[in-house]
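Observations on the model geometry
Below are the chains, spelled out letter by letter.
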Amino acid sequence: QVQLVESGGGLVQAGGSLRLSCAASGSIFRINAMGWYRQAPGKQRELVAAITSAGTTNVADSVKGRFTISRDNAKNTMYLQMNTLKPEDTAVYYCNARIMIVTIPRWDDYWGQGTQVTVSS
């Protein structure tokens, strides 16, 4: 009933930039908080950045000053602008959203399928 689709990942050299997008579609009534997570091989999934429906953001210390999270509520889309990328940013990036669908008055968490970001040194 709800799909989150990430795009924008790829291979980039250290110091480069990428912009990830996460588009939500389906029987959406309302979207609350949204966030980007990442998981590197052999490591736990970690929160990279989050944004409320009002636009308040929270960014992990490891990416602060380099990554910017934003969203377009009219398009049900979230973005992650990643600048000055480092090899340690290499991971699969997942989007997450807390969504209420039209038919059920309850908030549920949804995940995208992930997009690979690889930063070469």
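A separate point is the pairing of strand β7 (residues 67–72). Remember that side chains alternate between the two faces of the sheet whenever the strand is regular. With burial as the criterion, only one face of β7 is covered, namely that bearing F67, I69 and R71; the residues T68, S70 and D72 on the opposite face remain uncovered. Of the strand pairs in this sheet, β7 and strand β8 (residues 77–82) are connected by six bridges, and their pairing is antiparallel. For T68, the partnering residue across the bridge sits in β8 and is Q81. Linking two consecutive strands that pair antiparallel, namely β7 and β8, is a turn of four residues; a positive phi of about 50° is found at N76 within it.

Next up on the list: the side chain of R71. With respect to the helices and strands, R71 occurs in strand β7. A polar side-chain atom of R71 sits 3.4 Å from the main-chain carbonyl oxygen of I51. Within the local environment of R71, its side chain forms a polar contact with the side chain of N73, the two groups lying 2.7 Å apart. Contacts of R71, omitting those with residues within four sequence positions, involve I31, N32, A33, M34, I51, T52, S53, T77, M78 and Y79.

Rules and cut-offs
Residues numbered from 1 in each chain as written. Predicted model: local features only at pLDDT ≥ 70, side-chain atom pairs only at ≥ 80, totals over all residues. Heavy atoms only, no water. Buried < 20%, exposed > 50% of the residue type's maximum accessible area, 1.4 Å probe, protein only. Helix = DSSP H or I, 4+ residues; strand = E, 2+ residues; numbered from the N terminus. Pairing = 2+ DSSP bridges. Polar contact = N/O pair within 3.5 Å; in protein donor to acceptor, adjacent residues only side chain to side chain. Contact = heavy atoms within 4.5 Å.

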